[in-house]
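What follows is the residue order along each chain.
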Amino acid sequence: MSFQVFGIAVSQGVAIGRAVLVGAGRVDVAHYFVEPDRVAQEVARCEGACAQVAEELVALRDELPADAPPELAALLDVHLMMARDEAFVGGAREWITERRYNAEWALSAQMEALGRQFDEMEDDYLRERKVDLEQVVERILAVLSRQAKGGGESLPAALPRDFGGDDPLLLVASDIAPADLIGFRQGVFRGFITDVGGRTSHTAIVARSMNIPAVVGAREASRLIRQDDWVIIDGDAGIAIVDPSPVVLAEYRFRQRQAELEQERLSLWRHRPAVTLDGHPVEMLANIELPADAEAALAAGAEGVGLFRTEFLFMNRGGKLPTEDEQYLAYRAALENLQGRPLTIRTVDVGADKPLDRSHGSDHQLNPALGLRAIRWSLAEPVMFRQQLRAILRAAQHGPVRLLIPMLAHQSELMEVRSTLDRVRAQWSTHSDQPCPRVDLGIMVEVPAAALILDRVLPWVDFVSIGTNDLIQYTLAIDRADEAVAHLYDPWHPAVLQLIASVIRQARSAGKAVCVCGEMAGDLAFTALLLGLGLRSFSMNPPQITLVKQRILRADAAKLQEMAADVLAHEQPQERARQLGLA
Ligand code: PEP
Ligand code: MG
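Reading guide: rules and limits
- Residues numbered from 1 in each chain as written.
- Chains lettered and ligands numbered in written order.
- Predicted model: local features only at pLDDT ≥ 70, side-chain atom pairs only at ≥ 80, totals over all residues.
- Heavy atoms only, no water.
- Helix = DSSP H or I, 4+ residues; strand = E, 2+ residues; numbered from the N terminus.
- Expected span 1.5 Å × (residues − 1).
- Buried < 20%, exposed > 50% of the residue type's maximum accessible area, 1.4 Å probe, protein only.
- Arc of directions from axis to C-beta.
- Pairing = 2+ DSSP bridges.
- Phe/Tyr/Trp six-rings, centres within 6.5 Å; stacked < 30°, edge-to-face > 60°.
- Near = heavy atom within 4 Å.
- Polar contact = N/O pair within 3.5 Å; in protein donor to acceptor, adjacent residues only side chain to side chain.
- Areas by Shrake-Rupley, 256 points an atom, 1.4 Å probe, with all protein chains shown as cover.
- Nonpolar A, V, L, I, M, F, W, Y, C, P; charged D, E, K, R; others polar.
- Axes fitted to C-alpha atoms, helices over the stretch in contact; angles between N-to-C directions.
- Parallel < 35°, antiparallel > 145°, perpendicular 65-115°, else oblique.
- Left-handed = near helix turned anticlockwise from the far one by under 90°.
- Contact = heavy atoms within 4.5 Å.
- UniProt positions renumbered as here; feature names shortened; annotations may be inferred.
- Donors = N, O, S within 2.8 Å, 3.2 Å for Na, K, Ca; no water.
- Core = buried A, V, L, I, M, F, W, Y, C linked by side-chain atoms within 4.5 Å.
- Salt bridge = Lys/Arg side-chain N within 4 Å of Asp/Glu carboxyl O.
- pLDDT = per-residue confidence, 0-100.

### Focus: helix α23 (residues 557-569)
Okay, so step 1: With 13 residues, α23 extends 18 Å between its outermost C-alpha atoms, agreeing within 8% with the 18 Å of an ideal straight helix rising 1.5 Å per residue.
Okay, so step 2: Here α23 has its buried residues at A557, L560, A564, V567 and L568. Seen end-on, α23 carries its buried residues on one side only, within an arc spanning 90°. The exposed set on the far side of α23, more than 90 degrees from its buried face, consists of K559, E562 and A569.

Here's what the structure looks like:
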């Protein structure tokens, strides 16, 4: 029976495919297809790991001290039975032989399928055995991971879908960490649905930058959708249609084709400079997460990178930070991809919904978004920070670099950054015979405090970049990743607009460059307003560039200036912007 699941539209477009359910905490499991001639080997890998866990459990049980509680032995017996159970091991084997899933994926898929059956059991005791199954799978995955690391067998990162005719796959999960989503880049999923998340959560942002349709905050999606269900993701409306009728399916296939044609049409604007009708040039920059994205950004028509979120180089490395050389090579690679165009490198911004490591999440912090995040963390880890600054300066020998500091709230933080930078510069000659390159220094304005003390900060920086995602979060006290308050996350709130207007005005009158790099820059509803407020530099996810550029090419900046003043003065800015045809 067809039904719909409603969520928040975060990444546009239509994706049609079969659901792959991935349980909570299992999104990081490698998902790839094995080559046909490796299927038998993969089955052996899977069965071998199950057998090894069974052996370990037998040994554990046999070694239990005499005074161990009897429940413990009984529990180990249950786990042992599961590790040998044909419904489990045989089921995983089938996912490998019939779908060519890798062993880890097959085990998680089978765990998911059996977990559903446990959920439906009437008996409380049996229902709770799901947790045991999860623990057994955890052990088996740990064996596979040890083998992959120790045995020198390298796991394919993610094989492309190489067998024609098979159904596209959509990921359905309770939540996906941004770093895990990055892992899907060349992966097998064409779209995803999550139970949690908000429009400017980092997972949503990464989805937009990857241009894959997504719906987040769909609450019960991972409970209602079943493995293998046919699903349409309508990323424009924020809806997932499960088991659609043939008519609905045909309609969406039509929409998919139309969107492809529109993309082709828009690509004609790619390399045309963005200049308003009355002659104001506008800088079109891209936001990137990895060095390779810089190439895609140029292909999308970007004139440079306005935000390189370097934290993605730091995440999910088992607590090991990237070395200076690793960072230097990554920044240099991004610069080389940009072929002489500017690269704005933001120092690491981990914390809140971007934990350094999924196993070291921010759960222990009472209020992670208000905790040791971004520049606060960098200043608390001076060795790490100096290393990153040195890597950035070394990379700056290969192209124009702008250095951007996230989440500044205190002037003293800026002074500390400057003195750390001076120290790194002073030590430069002990590392290199070349002169230390100059880099422009800028701050993110994403905490209201930074906007309110901007006059004191501006003399010490070369540029500012407005991070509207956090600025809205911190101005309105709304967690940007929490779907429960997503309806209150309002970029049109007069307080937010006043802060943005004031930052643009102050920066311009001080002769300092000002950019918006939050999601507002790529939101067509705000293009005219931001132009009217005097913004001449936009940084956004690459797929948005041609769309926003189209608006700019049709805009008259002088007229928009008057309209923007009108919108800001109005009690209901969004309504006024609509009346004026701006949004
Ligand atoms: C922002 O807050 O607007 C921003 C661009 O930074 P991030 O989304 O990475 O927090
Ligand atoms: Mg931010």
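### What about the pairing of strand β17 (residues 537-540)?
Okay, so step 1: The side-chain alternation of β17 yields two buried faces, one formed by S537 and S539 and the other by F538 and M540.
Okay, so step 2: In the sheet, strand β10 (residues 281-288) pairs with β17 via 4 bridges, with the strands oriented parallel. By the bridge assignment, L285 is partnered in β17 with S539.

### Some thoughts on the packing of aromatic side chains
Okay, so step 1: Evaluation of the coordinates by the stated rule reveals 7 aromatic pairs.
Okay, so step 2: Judged by centre distance (5.4 Å) and plane angle (55°), the rings of F33 and W105 are tilted. With F33 in the loop between β3 (14-22) and α1 (39-62) and W105 in helix α4 (residues 103-119), this residue pair connects regions lying 72 residues apart in the sequence.
Okay, so step 3: Residue F33 is classed as buried on the basis of its relative accessible area, which comes to 3%.
Okay, so step 4: Taking 5.5 Å as the distance between ring centres and 10° as the angle between the ring planes, the aromatic pair formed by W95 and Y101 counts as stacked. One exposure class covers both W95 and Y101, and it is buried.
Okay, so step 5: Chaining the aromatic ring pairs together yields one cluster made of F33, W95, Y101, W105 and F189.

### Some details on the site of ligand 1
Okay, so step 1: Taken together, 17 residues surround ligand 1, and among them R309, R346, G467, N469 and R480 come closest.
Okay, so step 2: Between G467 and ligand 1, the recorded distance is 3.3 Å, taken from a backbone N or O atom to an oxygen atom.
Okay, so step 3: Measuring from an oxygen atom of ligand 1, one finds a backbone N or O atom of T468 at 3.1 Å.
Okay, so step 4: Summarising the interface, the protein chains cover 100% of the accessible area of ligand 1, which totals 290 Å² for the free molecule.
Okay, so step 5: At the level of secondary structure, the elements contributing two or more residues to the shell around ligand 1 comprise α8 (202-210), β11 (305-309) and α19 (468-476).
Okay, so step 6: Residue classes in the shell around ligand 1 are distributed as 4 nonpolar, 5 polar and 8 charged.

### Structural notes on the packing of α1 against helix α3 (residues 86-99)
Okay, so step 1: At their nearest, the axes of α1 and α3 sit 9 Å apart, and the two run at 160° to each other. What the angle tells us is that α1 and α3 run roughly antiparallel. Judged by the twist between their axes, the crossing of α1 over α3 is right-handed. Touching V39, E42, V43, C46, E47 and C50 of α1 are F88, V89, A92, R93, I96 and T97, all from α3.

### As for the UniProt feature "binding site: Mg(2+)" (unreviewed entry) in the protein chain
Okay, so step 1: Within this numbering scheme, the UniProt entry marks E446 and D470 as carrying the feature "binding site: Mg(2+)" (unreviewed entry). The named residues occupy 25 residues along the chain; their greatest pairwise C-alpha distance, 5.2 Å, places them in one compact cluster.
Okay, so step 2: Structurally, E446 is set in the loop between β14 (440-445) and α17 (448-452).
Okay, so step 3: Classification of E446 as buried rests on a relative accessible area of 2%.
Okay, so step 4: Leaving out residues up to four positions away in the same chain, E446 has contacts with P406, M407, G467, D470, L471 and Y474.
Okay, so step 5: A polar side-chain atom of E446 sits 2.7 Å from the main-chain amide nitrogen of M407.
Okay, so step 6: Position of D470 among the secondary structure elements: in helix α19.
Okay, so step 7: Once residues lying within four places of it in the same chain are set aside, the contact partners of D470 are R373, E446 and R480.
Okay, so step 8: Polar contacts involving the side chain of D470 include one to the side chain of R373, which spans 3.0 Å.

### As for the coordination of the magnesium ion (ligand 2)
Okay, so step 1: Protein-derived ligands of the magnesium ion (ligand 2) are E446 (OE) and D470 (OD), with the metal-ligand distances lying across 2.0 to 2.1 Å. Of this pair, E446 sits in the loop between β14 and α17 while D470 sits in helix α19, placing them 24 residues apart in sequence.

### Side note on the nonpolar core
Okay, so step 1: One finds I443 and V464 to be the most contacted residues of the largest nonpolar core, which totals 155 residues.
Okay, so step 2: Sequence-distant contacts of I443, defined by excluding residues within four places in its chain, comprise L404, I405, L408, L414, L454, V457, V461, F463, V464 and S465.

### A short note on the pattern of salt bridges
Okay, so step 1: The tally for this structure, following the rule as stated, stands at 34 salt bridges.
Okay, so step 2: A salt bridge links E42 to R45; the shortest N-O distance between them is 3.0 Å. Placement of both E42 and R45 in helix α1 is noted, with a separation of 3 residues, approximately one turn of the helix.
Okay, so step 3: Residue D349 pairs with R346 through a salt bridge whose shortest N-O separation is 3.4 Å.

### Remarks on the confidence of the model for the protein chain
Okay, so step 1: In this model, the protein chain carries a mean pLDDT of 90, and residues with pLDDT of at least 70 account for 94%.
Okay, so step 2: Below a pLDDT of 50 lies the segment residues 152-165, which in the model reaches 31 contacts outside its immediate sequence neighbourhood of four places, other chains included.

### Structural notes on the pairing of strand β7 (residues 230-234)
Remember that side chains alternate between the two faces of the sheet whenever the strand is regular.
Okay, so step 1: The buried fraction of β7 is high, at 4 of 5 residues.
Okay, so step 2: The pairing of β3 with β7 spans 5 bridges and is classified as antiparallel. Across the sheet, R18 pairs through a bridge with W230, a residue of β7.
Okay, so step 3: Examined bridge by bridge, β7 and strand β8 (residues 239-242) share 4 bridges and lie antiparallel to one another. Residue pairing for β8: D234 is matched across the bridge by I239.
Okay, so step 4: The hairpin turn running from β7 into β8, its antiparallel successor, is 4 residues long, and G238 in that turn takes a positive phi close to 75°.

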